[in-house]
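Analysis of the macromolecular model
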Amino acid sequence: MTTSPLPTRSRPAAAPPPGAASTAARQAPPIADAAYLASLKKVTQYYVVTAFLALFVGVLIGPLQALNYGGINVYELPIIRNLLKSYYQGLSLHGVLNALVFTQFFISGWMLYLPVRDLGMRINMRFAWFTYALMTLGLLLAAVPLLTNRSTLLYTFYPPMQGDALFYIGAAIMVGSSLLVVGQVVNMWLRWKRENPGRVTPLVAFMSVSVWMMWAVASLGIVIEVVVLLIPWSLGLVGGVDPLLSKTLFWWTGHAIVYFWVLPAYISWYAFVPRHAGGRTVSEPLTRLTFVLFLLNSVPVGLHHQYSDPNISVLWKTLHMFLTFLIAVPSLLTAFSVTASLEDGARARGGRGLVGWVTKLPWGNAIFSAQVLAMISFILGGAGGIVNASSTFAGVVHNTAWIPGHFHITVGTATTLSFMGIALWLIPHLTGKRLPSMRLASWAVWTWFVGMMVFALGMHWQGLYGVTRRALVSATAQDVYRDMPIGLPVALTAISGVILLVSAILYFYVLFKMLLSKRVDNGEVSAPIPYSEKISPAGENLATAGKLVRYTEPLMALWLLTLVLVLMMYGPVLGRMIANLQLVPGWRLY
Ligand code: HAS
Ligand code: CU1
């Protein structure tokens, strides 16, 4: 690919302030009302900080799980025993805090703030604060039974394992409040459409609105599961629960949730990472197509988590399998587009050769390197996903250590490491504080990457030998795993836990130091939203825009189509289960 040099290039430490030099990159429309802007930034900061507090606790439990798969049972140590009743309570907390709480709070702040700034709109701040408070209330309610070992159900809370009603009620309130964010953002976008007839929705707002729409359809499964099935059952209002129906509703949401986790990172990869590298977003129309494909196809694929479940016909499993392969396509488009935008930046910085340009990327900038290392690990995570999705391979890897290997290089890096990198400019932007040390931040993100890669290697490898997931294998290693040649992957997994602990300590040291430092300014000029230029923009006027832009703009209609597609792919499957309900009583195994 040949590109012309850019008029401006971001410096490694941070994107250049607007006005520092001429740049064609977009700038967020100015917001004149300082009190409104301050409140908007504050609520976003609350979401982001709550997210990282959850991650802090969740991540500290992580090494305990890694050591378990490294053959070392630390759950017997008195200090751990005083805090956690069992391996399973530790695993439940780890999964819920990292995968459910961290992601949802970060995303709710990030994808509320971005479209509001991108469109320069005013939203009702009382409603925004109310939503944050409600989400936090849900979290606190669910935290009580989790911390007291009264809902040790792992993050998938499959019935008939039963927890306290408070856990399900808290979870329902937490997920329900994310739907209030959906309402607020979509409503704001519709207002913008009315006030700006004939205009193309700016890219960042477009991506955010489409992801929220996808989430609204995706979350229906878990909302119905929890509100209709689990809460009445846990309150004793009904005598039993149908495990298969619950599990199927769970995976309606449970697969699509992975795109709810990763697409907010994609927003950054498309719109902001090129700027950090001094490059440009390649094609705005193609980016819009990618997000519409995710909107349409993220949900009706959940049966790939249930290949081994009985009472679901092979026809539907196979249909979901093909749709799963199809949903890899927008990720492949992303891999192409984002690599091209990085190459664009590297060549503008003097990069040469077929692959030699890679060395010219700003690897010392933790904001950049966190996100690009996240992408690199996602190449392998995505490839593993295709293996999982293939019904012929699924029997080998399903319910083995391979699966946690897979999701630590997807949600554990593509999502989490990206969010860790984003926070390094977002928090200065929101608070007007400064990143205390780029060097330490770099160490943190590089060790996170290395730790996760080593962990994933160890776990995938163990999984291929049939080491089961979600088990206190270190306690039984003597008997069950004695004859397996898994010494090396077991050792790698143990080592990775230590690397990740070091990484977490470094990262949270930098993060908390930044949050506790003095405010220098309002962050608008010192850490602006790092919009990238576009090689192929969409234009502002719908009438003159290309076909891809015009066909992807009617998001409301596409949203409706999404719902229809999902009902087509799930309706018959669920209908049969409802017609043959099999209620069983609850169990408490902990
Ligand atoms: Fe997955 C299980 C299939 C993506 C997370 N997945 C899980 C679980 C989690 C999870 C948490 O079909 C465990 C659930 C549980 O507890 O039981 N997954 C897929 C497929 C994809 C996929 C087909 N997964 C994700 C993402 C996740 C995630 C994203 C979180 C964020 N997954 C499965 C299946 C199972 C499963 C089965 C069930 C397994 C079982 O048996 O239980 C696809 O979306 C992947 C497509 C991705 C790609 C990669 C594109 C690469 C990109 C990076 C480009 C790099 C660049 C850098 C630009 C094809 C975009 C260049 C750099 C330079 C310097 C040049
Ligand atoms: Cu999935």
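As shown above, the structure is provided for reference.
Before going into details, it helps to say that this report is about the structure given with it. Each chain carries its own residue numbering, running from 1 in the direction its sequence is written. A letter from A marks each chain and a number from 1 marks each ligand, given out in the order of writing. Given that the model is predicted, a residue must reach a pLDDT of at least 70 before its local features are reported, and side-chain atom pairs must reach 80 or more before they are shown or counted; all residues, however, enter totals for whole chains, interfaces and linings. As a rule here, side-chain values cover all heavy atoms of the structure and leave hydrogens and water aside.

**Description of the overall build of the chain**
Convention followed: Each helix is a run of DSSP H or I of at least 4 residues and each strand a run of E of at least 2, with the numbering of both proceeding from the N terminus. Within these notes, the globule rule equals 2.2 Å times the number of residues to the 0.38 power, and the radius of gyration is based on C-alpha atoms. Exposed residues in this analysis have more than 50% of their type's maximum accessible area, buried residues have under 20%, and partly exposed residues fall in between, with area computed by a 1.4 Å probe over protein chains only.
Secondary structure summary: the chain contains 20 helices and two strands in total. Relative to the compact-globule value of 25 Å for 590 residues, the chain shows a C-alpha radius of gyration of 23 Å, a close match. With the principal axes as the frame, the chain shows a C-alpha extent of 65 × 50 × 45 Å. For the chain, the proportion of its 590 residues judged to be buried stands at 59%.

**Some remarks on the site of ligand 1**
Put simply, the rule is: The criterion for a residue being near a molecule or strand is simple. One of its heavy atoms has to lie within 4 Å of it. Residues adjacent in sequence count toward polar contacts only when both atoms are side-chain atoms; beyond that, a polar contact is any pair of N or O atoms within 3.5 Å, and within protein one must be able to donate a hydrogen and the other to accept it. Residues are sorted three ways: Asp, Glu, Lys and Arg are charged, Ala, Val, Leu, Ile, Met, Phe, Trp, Tyr, Cys and Pro are nonpolar, and all the rest, Gly among them, are polar.
Around ligand 1 lies a shell of 36 residues, among which Tyr155, Tyr259, His398, His406 and Arg469 are the nearest. At a separation of 2.5 Å, an oxygen atom of ligand 1 approaches a polar side-chain atom of tyrosine 259. Within the side chain of arginine 469, one N or O atom sits 2.7 Å away from an oxygen atom of ligand 1. When contributions to the shell around ligand 1 are tallied by element, the ones reaching two or more residues are helix 8 (243-271), helix 11 (314-348), helix 12 (366-389), helix 14 (402-408) and helix 15 (411-431). A breakdown of the residues in the shell around ligand 1 according to their chemical character gives 23 nonpolar, twelve polar and one charged.

**A few points about the coordination of the copper ion (ligand 2)**
Here is the rule: Coordination shells were defined by N, O and S atoms within 2.8 Å of each metal, extended to 3.2 Å for Na, K and Ca; water is absent from the atom set, which can make sites look incomplete.
Surrounding the copper ion (ligand 2) are the protein donor atoms His255 (ND1), His304 (NE2) and His305 (NE2), which sit 1.9 to 2.0 Å from the metal. Sequence spacing of the donors to the copper ion (ligand 2): H-x48-H-H. Here the iron atom of ligand 1 and the copper ion (ligand 2) are spaced 4.6 Å from one another. A relative accessible area of 13% means that histidine 304 is categorised as buried.

**Section: the coordination of the iron atom of ligand 1**
On the protein, His406 (NE2) is the one donor atom to the iron atom of ligand 1, at 2.2 Å. With respect to the helices, strands and loops of the structure, histidine 406 is situated in helix 14.

**Section: a nonpolar patch on the surface**
This is how it is decided: Patch definition: residues above 30% relative accessible area lacking any salt bridge, with like charges linked at up to 9 Å and the nonpolar side chains Val, Leu, Ile, Met, Phe, Trp and Tyr linked at up to 5 Å. Accessible surface is estimated by sampling points in the Shrake-Rupley manner with a 1.4 Å probe; for residues, cover comes only from the protein chains shown. One side-chain nitrogen of Lys or Arg within 4 Å of one carboxyl oxygen of Asp or Glu is enough to make a salt bridge.
A surface patch of nonpolar side chains, amounting to about 460 Å² of accessible area, comprises Leu220, Ile224, Val227, Val228, Leu563 and Leu567. For the nonpolar patch, the secondary structure elements donating two or more residues are helix 7 (220-234) and helix 20 (555-579). With four residues, helix 7 is the single largest residue contributor to the nonpolar patch. Here leucine 220 shows up in helix 7.

**Points about the packing of aromatic side chains**
Stated formally: Put simply, two rings from Phe, Tyr or Trp (the six-membered ring, in Trp's case) pair if the centres are within 6.5 Å, and we call them stacked under 30 degrees between planes, edge-to-face over 60, tilted for the rest.
As enumerated under the stated definition, the model contains 43 aromatic pairs in all. With 5.6 Å between their ring centres and 85° between their planes, tyrosine 507 and phenylalanine 508 make a pair best called edge-to-face. The exposure classification of tyrosine 507 matches that of phenylalanine 508, with both residues buried. Ring centres of phenylalanine 508 and phenylalanine 512 lie 5.7 Å apart, and the angle between their planes is 35°; this geometry places the pair in the tilted category. Residue phenylalanine 508 and its partner phenylalanine 512 are located together in helix 18 (residues 487-516), separated by four residues, close to a single helical turn. On the basis of relative accessibility, which here comes to 3%, the residue phenylalanine 508 falls in the buried class.

**A few points about the environment of glycine 385**
Along the polypeptide, glycine 385 turns up in helix 12. Taking C-alpha positions, glycine 385 is 9.1 Å from isoleucine 403, a pair spaced 18 residues apart along the chain.

**Topic: helix 10 (residues 284-297)**
Let me state the cut-off plainly: One less than the residue count of a helix, multiplied by 1.5 Å, gives the span that helix is expected to have.
End to end, helix 10 covers 20 Å across 14 residues, agreeing with the expected 20 Å (1.5 Å per residue, within 8%). Most of helix 10 sits inside the fold, with eleven of its 14 residues counted as buried. When we look at burial in helix 10, the residues that qualify are Glu284, Pro285, Thr287, Arg288, Thr290, Phe291, Val292, Phe294, Leu295, Leu296 and Asn297.

**Structural notes on unusual backbone geometry**
Look at the link from proline 159 to proline 160: it is a cis peptide, with omega at 10°. Phi is positive for phenylalanine 157, close to 30°, though the residue is something other than glycine. Within the secondary structure, phenylalanine 157 is located in the loop between helix 4 (125-147) and helix 5 (165-195). For phenylalanine 157, a relative accessible area of 5% puts it in the buried group. In this model, arginine 470 sits at a positive phi of 55°, which is unusual for a non-glycine residue. Residue position: arginine 470 is located in the loop between helix 16 (438-464) and helix 17 (473-480).

**Focus: the side chain of serine 92**
Quick reminder of the rule: Two residues form a contact once any of their heavy atoms are found within 4.5 Å.
With respect to the secondary-structure elements, serine 92 resides in helix 3 (residues 87-119). Reaching out from serine 92, the side chain makes a polar contact with the backbone nitrogen of leucine 153 at a distance of 3.5 Å. Sequence-distant contacts of serine 92, defined by excluding residues within four places in its chain, comprise Leu146, Thr152, Leu153 and Leu154.

**A few points about the pattern of salt bridges**
Scanning the entire structure with this criterion turns up 15 salt bridges. Between arginine 150 and aspartate 164 there is a salt bridge, with the nearest N and O atoms lying 2.7 Å from each other. With arginine 150 in the loop between helix 4 and helix 5 and aspartate 164 in the loop between helix 4 and helix 5, this residue pair connects regions lying 14 residues apart in the sequence. Given a relative accessible area of 16%, aspartate 164 falls into the buried group. Its salt-bridge partner being arginine 288, residue glutamate 553 comes within 3.8 Å of it at the nearest N-O pair. Linking glutamate 553 in the loop between helix 19 (547-552) and helix 20 with arginine 288 in helix 10, this pair joins segments that are 265 residues apart in sequence. When sorted by exposure, glutamate 553 lands in the same class as arginine 288, which is buried. Taken together, the salt bridges that share partners define one network made up of Lys193, Glu284, Arg288, Lys534 and Glu553.

**Comments concerning the nonpolar core**
Keep this limit in mind: By convention a nonpolar core is built from buried Ala, Val, Leu, Ile, Met, Phe, Trp, Tyr and Cys residues, the set being connected through side-chain atoms within 4.5 Å.
Counting 181 residues, the largest nonpolar core has Phe52, Phe260 and Trp269 as its most contacted members. Looking at this core, the element that brings in the most residues is helix 8, giving 19 residues. Ignoring anything within four residues of it in the chain, the contact list for phenylalanine 52 reads Phe102, Phe106, Phe419, Met420, Ala423, Tyr507, Phe508 and Leu511. Of all hydrophobic cores here, the second largest spans five residues; its members include Val200, Ala538, Ala545 and Val549.

**Observations concerning the packing of helix 15 against helix 18**
Quick note on the threshold: Angles shown run from 0 to 180 degrees and are taken between the N-to-C directions of axes, each axis being a line fitted to C-alpha atoms and, for helices, limited to the stretch in contact. Here is the rule for angles: anything less than 35 degrees is roughly parallel, anything more than 145 is roughly antiparallel, 65 through 115 is roughly perpendicular, and the remaining ranges are oblique. Here is the rule for handedness: rotate from the far helix to the near one, and if that takes an anticlockwise turn smaller than a right angle the crossing is left-handed, while a clockwise turn gives right-handed.
In contact at an axis separation of 11 Å, helix 15 and helix 18 are set at 10° when each is read in the N-to-C sense. Viewed along their axes, helix 15 and helix 18 adopt a mutual orientation that is roughly parallel. For the pair helix 15 and helix 18, the crossing hand works out as left-handed. Listed contacts from helix 18 to Met420, Ala423, Leu424, Ile427 and Pro428 of helix 15 are Tyr507, Leu511, Met514 and Leu515.

**Side note on the side chain of lysine 41**
Tracing the backbone shows lysine 41 in helix 1 (residues 34-69). For lysine 41, a relative accessible area of 4% puts it in the buried group. In contact with lysine 41, not counting residues within four places along its chain, are Tyr113, Arg117, His429, Leu430, Asn522, Gly523 and Glu524.

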